[in-house]
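Secondary and tertiary structure notes
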Amino acid sequence: MVDKIKIENLSCYYNKKCVLEFLNLNVVKNEILGVIGPANSGKTTFLRTLNRMNDFDATYSKKGSVYLDDDDILDIDVETLRRRVGMLFAMPIPLPMSIYDNITYAPKRLGFVTKKIDLDNMVESVLRNVSLWDEVKDRLCVSAVKMSGGQQQRLCIARVLAINPEVILFDEPCSGLDPISTAKIEELMIGLKEKYTIVLVTNNVKQASRVSDRTAFFLMGKLIEVDKTGKLFVSPKKKETEDYITGRFG
Ligand SMILES: Nc1ncnc2c1ncn2[C@@H]1O[C@H](COP(=O)(O)OP(=O)(O)O)[C@@H](O)[C@H]1O
Ligand SMILES: [Mg+2]
């Protein structure tokens, strides 16, 4: 097992207030690492630290290190890092343009796919990867904001795939979706781990138990426990973990 990401002694602060404390954790290549925990436990801060999304927040600071394939992320150009570590949010936010243009926008801007035929092939390939091709192949020119919420979220995943990431960070990707759309995204994430390394933050404990290979439990800025998902849910080591997964608080 190879570590794709290593987090060493990471503490994060907003206005000097510590919101994530002395975190040591790794993300194994091609696994889905689930991250669960009540609101304000630092889950989003954790994700945003992994691709330096917080760099422009002047109130934010951090101590400790994050390595991507053994390179300190501070030594990786930010634009390159964000391409290698893609991120998805709770609310899908497609650009106000066609389905086709949504997918080709970033690859064109970054200049790594330019020919029409290559763009067409790429659009088909990523839409197939997110099981959206059959639903939208006849209306690629239609505005993306006309799609259903679940379709928009799958389109946003397709957009991330179009820039060829190595890691995908999901921040509560199903929180606005109905159970059927949620099931489709979960199935999709399980398929994606063959090629990508995934960190899934979810407010849905059952979702973590369904899709994650390992699960980490965060509480008030601390990693309480991380283990193989089957183990963490059947025999957690810590009382706090047990209370949370059995719904006794949070
Ligand atoms: N941009 C910010 N500025 C100041 N405080 C923040 C900011 N973002 C998050 N926080 C605080 O940091 C803590 C952790 O938040 P967050 O990482 O969003 O947790 P979670 O995703 O688990 O709900 C919370 O107390 C939250 O209020
Ligand atoms: Mg959050």
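Provided above is the structure to which this section pertains.
On a predicted model such as this, the values are computed, not experimentally measured, just so you know.

**So, the packing of helix 4 (residues 116-129) against helix 6 (residues 149-162)**
With their axes 9 Å apart at the nearest point, helix 4 and helix 6 run at an angle of 125° to one another. Accordingly, the angle class assigned to the pair helix 4 and helix 6 is oblique. The chirality of how helix 4 crosses helix 6 is right-handed. Where helix 4 approaches helix 6, its residues Met 122, Val 126, Leu 127 and Asn 129 are matched on the opposing element by Leu 155, Ala 158, Leu 161 and Ala 162.

**Observations regarding the sheet that holds strand 5 (residues 71-72)**
Pairing in this open sheet of four strands is antiparallel, and the strands run 2-1-4-5 from one edge to the other. Edge positions in the sheet fall to strand 2 (17-28) and strand 5, since each has one partner strand and no second. Pairing between strand 1 (residues 3-14) and strand 2: eight bridges, direction antiparallel. When the bridges of strand 2 are listed, Cys 12 appears paired with Leu 20. Packing against the sheet, helix 1 (residues 43-50) makes contact with strand 1, strand 2 and strand 4 (60-68), and its axis sits at approximately 120° to strand 1.

**Quick word on the environment of Lys 146**
Along the chain, Lys 146 falls in the loop between helix 5 (133-136) and helix 6. Judged by its relative accessible area of 65%, Lys 146 is exposed. Once the C-alpha coordinates of Lys 146 and Leu 132 are considered, the two residues, 14 residues apart in sequence, prove to be 14 Å apart.

**Some points on unusual backbone geometry**
Phi at Asp 69 takes a positive value of approximately 50°, unusual for a residue other than glycine. As for its placement among the helices and strands, Asp 69 is situated in the loop between strand 4 and strand 5. Backbone geometry places Glu 172, a non-glycine residue, at a positive phi of 50°. Counting through the fold element by element, Glu 172 comes out in the loop between strand 7 (167-171) and helix 7 (179-192). Classification of Glu 172 by relative accessible area gives buried; the value is 18%.

**Observations regarding the side chain of Asp 72**
With respect to the helices and strands, the residue Asp 72 is situated in strand 5. Buried charged residue Asp 72 carries no salt bridge. Nearest counter-charge: Lys 62, at 5.6 Å. Separated by 2.9 Å, the side chain of Asp 72 and the backbone nitrogen of Leu 74 make a polar contact. Setting aside anything within four residues of it in sequence, one finds Asp 72 in contact with Ser 65, Val 66 and Tyr 67.

**Some details on the sheet that holds strand 9 (residues 214-219)**
Reading across from one edge, 6-7-8-3-9-10 is the order of the six strands in this open sheet, with mixed pairing throughout. The open sheet has two free edges, formed respectively by strand 6 (85-88) and strand 10 (222-228), since each of these has just one partner strand. Taken pair by pair, the neighbouring strands of this sheet meet at an average axis angle of 15°, ignoring direction. Each of strand 6 and strand 7 touches helix 6; the most contacted strand, strand 6, lies at about 170° to it.

**Here's the deal with the nonpolar core**
Of all hydrophobic cores here, the largest spans 37 residues; its most connected members are Ile 103, Leu 127, Ile 157, Phe 170 and Leu 192. Secondary structure elements with two or more residues in this core: helix 3 (99-110), helix 4, helix 5, helix 6, strand 7, helix 7 and strand 8 (197-201). Of the residues forming this core, the biggest block, seven residues, is contributed by helix 6. Not counting the four nearest positions on each side in its chain, Leu 192 is found in contact with Ile 157, Leu 161, Ile 168, Phe 170 and Ile 198. Among the nonpolar cores identified, the runner-up in size contains 28 residues, and Leu 68, Val 85, Met 87 and Phe 218 belong to it.

**A closer look at the site of ligand 1**
Neighbouring residues of ligand 1: Tyr 14, Val 19, Pro 38, Ala 39, Asn 40, Ser 41, Gly 42, Lys 43, Thr 44, Thr 45 and Asp 57. Taking Ser 41, its main chain carries an N or O atom lying 3.0 Å from an oxygen atom of ligand 1. Considered on its own, ligand 1 offers 560 Å² of accessible surface; in the complex 65% of this is hidden by protein. In terms of residue count, the dominant contributor to the shell around ligand 1 is helix 1 (three residues). Looking at the shell around ligand 1 residue by residue, the classes come out as four nonpolar, five polar and two charged.

The rules behind the values
- Residues numbered from 1 in each chain as written.
- Chains lettered and ligands numbered in written order.
- Predicted model: local features only at pLDDT ≥ 70, side-chain atom pairs only at ≥ 80, totals over all residues.
- Heavy atoms only, no water.
- Axes fitted to C-alpha atoms, helices over the stretch in contact; angles between N-to-C directions.
- Helix = DSSP H or I, 4+ residues; strand = E, 2+ residues; numbered from the N terminus.
- Parallel < 35°, antiparallel > 145°, perpendicular 65-115°, else oblique.
- Left-handed = near helix turned anticlockwise from the far one by under 90°.
- Contact = heavy atoms within 4.5 Å.
- Pairing = 2+ DSSP bridges.
- Buried < 20%, exposed > 50% of the residue type's maximum accessible area, 1.4 Å probe, protein only.
- Lys, Arg positive; Asp, Glu negative; His and termini not counted.
- Salt bridge = Lys/Arg side-chain N within 4 Å of Asp/Glu carboxyl O.
- Polar contact = N/O pair within 3.5 Å; in protein donor to acceptor, adjacent residues only side chain to side chain.
- Core = buried A, V, L, I, M, F, W, Y, C linked by side-chain atoms within 4.5 Å.
- Near = heavy atom within 4 Å.
- Areas by Shrake-Rupley, 256 points an atom, 1.4 Å probe, with all protein chains shown as cover.
- Nonpolar A, V, L, I, M, F, W, Y, C, P; charged D, E, K, R; others polar.

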